[in-house]
Amino acid sequence: MNASPVPSARSASSVRKTFPVLEMSCAACAVSVESTLKHTAGVRDAGVNYANQNAWVEFDPQVVTPDALQTAVRAVGYDIVIDAEDPESAQQVQDEAQQKHYQILKERTIWASALAAPVVIIGMLFMDWAWGNYIMMALSAPVVFGFGRSFFVNAWRQARHGKANMDTLVALSTGIAFVFSVFNTLYPDFWHRRGLHPHVYFEAAAVVIVFILLGKLLEERAKSSTSSAIRKLMGLQPKTVLVADETGEHDVPIAQVRVGQVLIVRPGERIPVDGQVESGGSFVDESMISGEPVPVEKQAGARVFAGTINQKGSFRFSAEKVGADTVLAQIIRAVQDAQGSKAPVQQLVDRIAGIFVPIVIAISVLTFVFWLTLGDTVAPTGDSFTTALLTAVTVLVIACPCALGLATPTAIMVGVGKGAENNILIKDAGSLEMGRRVNAVVLDKTGTITEGKPLVTDLIWLVPDADQQREGGVLYQLESQSEHPLATAVTDYLKTQALVPAHAGTFNSITGKGVISQYDDTTYLIGNQNLLAEYGIDLHDDQQQQAEQLQAQAKTVVFFGRTSAASRQLLAIIAIADPIKATSKQAIETLQQRGIAVYMLTGDTIHTAEAVARQIGLRSYKAGVLPAEKAEFITELQKQGHVVAMVGDGINDSEALAQADVSIAMGKGSDIAMDVARMTLITSDLNSVPKALQLSKKTVQTIRQNLFWAFIYNLIGIPIAAGVLYPSFGFLLSPMIAGGAMALSSVSVVTNSLRLRSVKL
């Protein structure tokens, strides 16, 4: 498992804890919190993940307490939840804070849009209206400085750390455009005396704020779902358990359970902690751990695990591992570590803006200084200060980030819509950005390559047709009384055969072998070959060969026989398997043809894995794999330089999904897998996996094209706005034309994004 980086030589007094972080609104916020924690006395190391809003801290509890850490973080404008003794409570506080922030952002976006709409209408259609400028100023002021306040706050935080990002560009361009427009509205004579018309840019400032708010809203909605996987994993543990002691049986909170106590599990309940069965018996669904669909029989001495589901029987077991030591707790911790170990997704726009913003500011300042120092005689307006101010503002206006702000979200929105049309739900831009680089795909077997449910694939009768109806009725009657999960598969199959249940006499289950029934002088047997041998039923060579052929196809073989004083006879051979999906082989071939390495991991036996791999044309597979080992396998691939996509459907896949670079869940799988994964396939068709990776490639291409169009106007327009053409051609770009160029780049970006709709996957 590839956890968050920590020093290798950890002091004996050092502890490592994870705290939910509140109030972060951008990746730079995570950097600020991390820096604060690292510089706190007593902290040895720390890391903050913006994607899952968590911080891990390794510290000396004798030097610094969680309260002191919280105080330090609060001092820089953020907060951490220090209720670490109750992780579920801490998670709840974080979830509530995220939900509140999302609702506030949603309200800001709606109100900003409502106020910006009339500003755009007036600015485009009624620009000569006498009161138009004043109305636009009144409506755009709350949009820019009220609903867009967070951009100015974040820009200031960035500046304090000597950095710049998208928020800096938004704050500068909208702030200067608004202030410049206010001056032109209140003091138009300043420009009239100089023979110039005072233009305003209220609509540009308001629209930029609305579009960026919309992008933030979409990001927050995707981000808010990150923690729901952990919350649901925690919900797999029951709140109370039934404890048996010398005073009787009574319910106690799960937090009070201690090692060695005897617990009682009733039919249908989840097992609360890890332990060993002492008495009773049942079948337990352990698919959350093993991934395999067939429940496991539990008798005295068998191990049971927290979070797994008891089926029809009841039993008592002794608690061996409780609290943070259970397998379920380890899965939760592994998912948290895997999510936290990955760097937060940095938007391509932010990275570019980090370089672009300082350059634009520098050009603007240099432009102002250049024209101011040339003197009034050289200035085109006859006034060096006026020329310097106009050119400096024009540089900032043409660098307005409207197209930059649209470049990523418009492509993502169209890409996400295209994915939905193809049964692919995409949760964030990060998975789209990374998907194009995937060169290794790891597939879970059960429920991903296969259907995930035991079904009867073959029922070979060895009696005449006339006897099949009667013997089939006996088989149905016996299997319907059995609690074994394979018996359920048989009864489900026989239901489709319109059989009439026949009286089969007594019913007796023999652990590990099957069931027998006594009726008059006839004994019916359903079970494995050992059971048949005990009652003197031997398989002929051709029957033995049939059974071996079925087993070689990864099928479980069950025999149905009958003995009496007169004869011993094998009546039928039944084969039960988890069938391979019809589309799995084609999907794997498509991935391999694209040069992508494909691996299959399964908790099943090596014989089953070999048979499945052979049928789907897969060369690389691994059997008997536990959840943590799946994540370790992905880590090894990543160390070898692979970009790994994991495809799974079960709780047992959640660690591996969290560890993978791109995580894809099958939509008919567990809620946990779907929450951890950043992509979900609505269909069970595995062909959607290559489609998802192709969609990623096309979407990233579109984003890059959009950024090209967004910047080409700036790269051409900024020098012109600064006045480079004036000495040769006598041309000086006005802020109004600069605003038009900015609008044209936005139209280019949106049009290019819409082309994604016609892409064939």
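Residues numbered from 1 in each chain as written. Predicted model: local features only at pLDDT ≥ 70, side-chain atom pairs only at ≥ 80, totals over all residues. Heavy atoms only, no water.

1. So, the sheet that holds strand β23 (residues 644–648)
(1) Moving on: Taken in spatial order, the 7 strands of this open sheet run β13-β25-β24-β23-β14-β21-β22, and their pairing is mixed. Edge positions in the open sheet fall to β13 (424–426) and β22 (620–622), since each of these has one partner strand only. Shown here is a sheet whose adjacent strand axes are inclined to one another by a mean of 20°, direction ignored.
(2) Moving on: Bridge count between strand β24 (residues 662–666) and strand β25 (residues 679–681): 3 bridges; the pairing is parallel. (Pairing = 2+ DSSP bridges. Helix = DSSP H or I, 4+ residues; strand = E, 2+ residues; numbered from the N terminus. Axes fitted to C-alpha atoms, helices over the stretch in contact; angles between N-to-C directions.)

2. Section: the UniProt feature "transmembrane region" (unreviewed entry) in the protein
(1) Moving on: The feature "transmembrane region" (unreviewed entry), as annotated in UniProt, sits at residues 109–127, 133–156, 168–187, 199–218, 352–373, 385–408, 707–726 and 732–754 in this numbering.
(2) Moving on: The span residues 133–156 is 96% helix and 0% strand, and its two end C-alpha atoms sit 29 Å from each other.
(3) Moving on: Structurally, residues 707–726 comprises 85% helix and 0% strand, and the distance from its first C-alpha atom to its last is 28 Å. (UniProt positions renumbered as here; feature names shortened; annotations may be inferred.)

3. Quick look at the pattern of salt bridges
Pairing is possible between side chains of opposite charge, provided their charged atoms come close.
(1) Moving on: The tally for this structure, following the rule as stated, stands at 13 salt bridges.
(2) Moving on: Measuring nitrogen to oxygen at the nearest pair gives 2.4 Å for the salt bridge that ties Arg562 to Glu471. Taken together, the positions of Arg562 in strand β19 (residues 556–563) and Glu471 in helix α17 (residues 465–481) put the pair 91 residues apart, joining distant regions of the chain. Exposure class is identical for Arg562 and Glu471. Each is buried.
(3) Moving on: Of the charged contacts in the structure, one is a salt bridge between Lys495 and Asp492, with a shortest N-O distance of 3.8 Å. With a gap of 3 residues between them, Lys495 and Asp492 both fall in helix α18 (residues 485–495), about one helical turn apart. (Salt bridge = Lys/Arg side-chain N within 4 Å of Asp/Glu carboxyl O. Buried < 20%, exposed > 50% of the residue type's maximum accessible area, 1.4 Å probe, protein only.)

4. Details of the environment of Ala75
(1) Moving on: Residue position: Ala75 is located in helix α2 (residues 66–75).
(2) Moving on: Ala75 sits in the exposed class, given a relative accessible area of 67%.
(3) Moving on: Separated by 39 residues in sequence, Ala75 and Thr36 have C-alpha atoms that sit 9.2 Å apart.

5. Digging into the pairing of strand β3 (residues 54–59)
(1) Moving on: Judged by how many residues are buried, β3 sits mostly within the fold: 6 of 6 residues are covered.
(2) Moving on: Residues Asn54, Trp56 and Glu58 of β3 are buried on one face, and the alternating residues Ala55, Val57 and Phe59, pointing to the opposite face, are buried as well.
(3) Moving on: Looking at chain direction, strand β1 (residues 15–22) and β3 are connected through 6 bridges and run antiparallel. Within β3, the residue paired with Thr18 across the bridge is Trp56.

6. Description of the environment of Gly323
(1) Moving on: Along the chain, the position of Gly323 falls in the loop between β12 (314–321) and α11 (327–341).
(2) Moving on: Overall, Gly323 belongs to the partly exposed group, its relative accessible area being 44%.

7. Considering the packing of α17 against α18
(1) Moving on: Put simply, α17 and α18 touch, their axes get as near as 9 Å, and they point 140° apart. On the basis of the axis angle, α17 is oblique to α18. As for how α17 packs across α18, the hand of that crossing is left-handed. Each of Gly472, Leu475, Tyr476, Glu479 and Ser480 in α17 lies in contact with α18, whose residues at this interface are Ala487, Val490, Thr491, Leu494 and Lys495.
(2) Moving on: Across the contact of α17 with α18, the residue classes tally to 5 nonpolar, 3 polar and 2 charged. (Parallel < 35°, antiparallel > 145°, perpendicular 65-115°, else oblique. Left-handed = near helix turned anticlockwise from the far one by under 90°. Contact = heavy atoms within 4.5 Å. Nonpolar A, V, L, I, M, F, W, Y, C, P; charged D, E, K, R; others polar.)

8. Overview of the nonpolar core
(1) Moving on: Ranked by internal contacts, the top residues of the largest apolar core, which has 33 residues, are Val441, Leu443, Val647 and Leu686.
(2) Moving on: Excluding residues that lie within four positions of it along the chain, Val441 makes contacts with Leu591, Ile596, Ala597, Val598, Tyr599, Ala645, Val647 and Leu693. (Core = buried A, V, L, I, M, F, W, Y, C linked by side-chain atoms within 4.5 Å.)

9. Observations regarding the sheet that holds strand β15 (residues 455–461)
(1) Moving on: In spatial order, the strands read β15-β20-β19-β18-β17-β16; together these 6 strands make up an open sheet with antiparallel pairing. Of all the strands in the sheet, just β15 and β16 (508–510) have a single pairing partner and so form its edges. Looking at each pair of strands side by side, their axes are set apart by 20° on average, direction ignored.
(2) Moving on: As paired strands, strand β17 (residues 514–519) and strand β18 (residues 522–527) are joined by 6 bridges and run antiparallel to one another.

10. A look at the packing of helix α21 (residues 584–593) against helix α26 (residues 688–722)
(1) Moving on: Packing of α21 against α26 leaves a shortest axis separation of 8 Å and a crossing angle of 35°. Contact with α21, carried on its side by Ala587, Thr590 and Leu591, involves Val689, Pro690 and Leu693 of α26 and no other residues of that element.
(2) Moving on: Grouping the amino acids of the contact of α21 with α26 by side-chain chemistry returns 5 nonpolar, 1 polar and no charged.

11. Structural notes on the side chain of Asp60
(1) Moving on: Among the structural elements, Asp60 can be located in the loop between β3 and α2.
(2) Moving on: Asp60 sits in the buried class, given a relative accessible area of 10%.
(3) Moving on: At 3.0 Å, the side chain of Asp60 and the backbone nitrogen of Gln62 are in polar contact. (Polar contact = N/O pair within 3.5 Å; in protein donor to acceptor, adjacent residues only side chain to side chain.)

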